[in-house]
Amino acid sequence: MARVLLNAEAMNLDLASLLVFYDPVALAIVGGGTLLATAARGPIGDTVDALRCLPVLVRRPFDFGRARAELARAERVAHAKSLLAIDPQVLKDPDVARGVEAVTDGATADEVEQLLDRLRQARLDRHATVQEFWAAAAEAAPAMGMVGTLVGLVRMFRSMDDPATIGAAMAVALLATLYGALFANLVAAPIAARLRRLARAEENERRALIAPFRAFARRETPVRRSRAA
């Protein structure tokens, strides 16, 4: 029982020591200032996309095998029945769905490859915008930390006649610098780096879809056009 009480007391002491590093004013200055400074660099849609992409960080990377399996299923349906029996809406991968739809509409191998290139380039542009947002946030956070430090120092010097408020103002000044450094180096910069790695890996994987799609289009397009004729 005594050991349990000692452990509980130690946990309370640890929690209290951590709460010393919490200051809502400094957090608001650094967090809100970083968000505003980064969002001001582009349209609001970039900020929304940057926040919506965060679940990607914990998902599995793009797997060529799953996309290739979807294309293989579409090929089997086309071989057993017809291209018109394929429902692109049931295909989970957007590039595979668009490519199959293009082949169904009679696109040639070159046209399908051009479509996949356009889709891949559009995805790269979206990924680059999101990566730049988080890289910009990593740059802005330390500056916002310095802003918080200046705010805290101004509050401290303006209340020198009231010693009770000096400590709180100094806490804002010091913790704002700490928050800015931590957010830049432990949050924003790692997010930008991981998004960059995931985008590069997906780009390399999606390039492998071109060859099987070209083969699929070469097999099916002449059949489709002959039926239409």
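Residues numbered from 1 in each chain as written. Predicted model: local features only at pLDDT ≥ 70, side-chain atom pairs only at ≥ 80, totals over all residues. Heavy atoms only, no water.

Turning to the overall build of the protein, a few remarks are in order. Along the backbone of the protein there are eight helices and zero strands. Starting at the N terminus, the α and β elements of the protein follow one another as α-α-α-α-α-α-α-α. By sequence separation, contacts in the protein at least 24 residues apart represent 81% of the contacts at least 6 residues apart. Carbon and sulfur atoms form 63% of the exposed surface of the protein, whose accessible area is close to 13,800 Å². (Helix = DSSP H or I, 4+ residues; strand = E, 2+ residues; numbered from the N terminus. Contact = heavy atoms within 4.5 Å. Areas by Shrake-Rupley, 256 points an atom, 1.4 Å probe, with all protein chains shown as cover.)

Another aspect to go through is the packing of aromatic side chains. One pass over the full model with this rule turns up one aromatic pair. Ring centres of Phe133 and Trp134 lie 5.5 Å apart, and the angle between their planes is 80°; on these two criteria the pair is classed as edge-to-face. (Phe/Tyr/Trp six-rings, centres within 6.5 Å; stacked < 30°, edge-to-face > 60°.)

Before going further, it helps to spend a moment on the pattern of salt bridges. In total, this model carries 14 salt bridges according to the counting rule given. When salt bridges with common partners are traced through the structure, they connect Asp93, Asp95, Arg123, Glu202 and Arg206 into a single cluster. (Salt bridge = Lys/Arg side-chain N within 4 Å of Asp/Glu carboxyl O.)

Once that is clear, we can look at a nonpolar patch on the surface. A cluster of nonpolar side chains, contributed by Val20, Phe21, Leu178, Leu182, Leu186 and Val187, occupies part of the molecular surface with about 540 Å² of accessible area. A residue is classified by how much of its surface remains accessible, and Leu186, at 62% relative accessible area, is exposed. (Patch = residues over 30% accessible without salt bridge, like charges linked within 9 Å, V, L, I, M, F, W, Y side chains within 5 Å. Buried < 20%, exposed > 50% of the residue type's maximum accessible area, 1.4 Å probe, protein only.)

Another point: the nonpolar core. Nonpolar side chains tend to gather and get buried jointly when the protein is soluble and globular. In this structure, Ile86, Val96, Val100, Val112, Phe213 and Phe216 are the most contacted members of the largest nonpolar core, which totals 24 residues. Of all the secondary-structure elements, those providing two or more residues to this core are α4 (64-80), α5 (94-104), α6 (109-158) and α8 (210-228). If near-sequence neighbours (up to four positions away) are discounted, Phe213 is found in contact with Leu71, Asp95, Val96, Gly99, Val100, Val112 and Leu116. In terms of nonpolar packing, the next biggest core, distinct from the first, is built from 12 residues, Cys53, Val130, Phe133 and Ala192 among them. (Core = buried A, V, L, I, M, F, W, Y, C linked by side-chain atoms within 4.5 Å.)

Okay, the packing of helix α3 (residues 44-52) against α6 next. Axis separation between α3 and α6 bottoms out at 9 Å; the angle between their running directions is 90°. With respect to α6, the axis of α3 lies roughly perpendicular. Residue-level inspection shows Asp46, Thr47, Asp49, Ala50 and Leu51 of α3 in contact with α6, the latter providing Thr129, Val130, Phe133 and Trp134. Among the residues making up the contact of α3 with α6, the classes are represented as five nonpolar, two polar and two charged. (Axes fitted to C-alpha atoms, helices over the stretch in contact; angles between N-to-C directions. Parallel < 35°, antiparallel > 145°, perpendicular 65-115°, else oblique. Nonpolar A, V, L, I, M, F, W, Y, C, P; charged D, E, K, R; others polar.)

With that settled, consider the packing of helix α2 (residues 24-39) against α6. Here α2 crosses α6 at 140°, and the two axes come no closer than 7 Å. Between α2 and α6, the interaxial angle falls into the category oblique. As α2 runs across α6, the sense of the crossing is right-handed. In this structure, α2 contributes Val25, Ile29, Val30, Gly33, Thr34, Leu35, Ala37, Thr38 and Ala39 to the contact, and α6 contributes Phe133, Ala136, Ala137, Ala140, Ala141, Met144, Gly145, Val147, Gly148, Val151 and Arg155. Class assignment of the residues belonging to the contact of α2 with α6 gives a composition of 14 nonpolar, five polar and one charged. (Left-handed = near helix turned anticlockwise from the far one by under 90°.)

Once that is clear, we can look at the confidence of the model for the protein. In this model, the protein carries a mean pLDDT of 85, and residues with pLDDT of at least 70 account for 90%. Highest mean pLDDT in the protein belongs to α2 (94); lowest belongs to helix α1 (residues 2-19) (54). Taken together, the stretch residues 224-229 has pLDDT below 50 and engages in nine contacts with residues farther than four places along the chain or on a different chain. (pLDDT = per-residue confidence, 0-100.)

What follows is about α4. With 17 residues, α4 extends 24 Å from end C-alpha to end C-alpha; this agrees with the ideal 24 Å at 1.5 Å per step. Among all positions in α4, only Ala67, Glu70, Leu71, Ala72, Ala74, Glu75 and Ala78 are buried. Its side-chain oxygen placed 3.0 Å from the backbone nitrogen of Gly65, Asp63 serves as the N-cap of α4. (Expected span 1.5 Å × (residues − 1). Polar contact = N/O pair within 3.5 Å; in protein donor to acceptor, adjacent residues only side chain to side chain.)

A few words now on the environment of Asp49. Along the polypeptide, Asp49 turns up in helix α3. By relative accessible area, which is 37% here, Asp49 ends up partly exposed. Along the primary structure Asp49 and Thr129 are separated by 80 residues, whereas in three dimensions their C-alpha atoms are 8.6 Å apart.

Another point: the side chain of Thr38. If you trace the backbone, Thr38 turns up in helix α2. Judged by relative accessible area, which is 5%, Thr38 ranks as buried. A distance of 2.7 Å separates the side chain of Thr38 from the backbone oxygen of Thr34, its partner in a polar contact. Residues within four places of Thr38 in sequence aside, it is in contact with Phe133, Ala136, Ala137 and Ala140.

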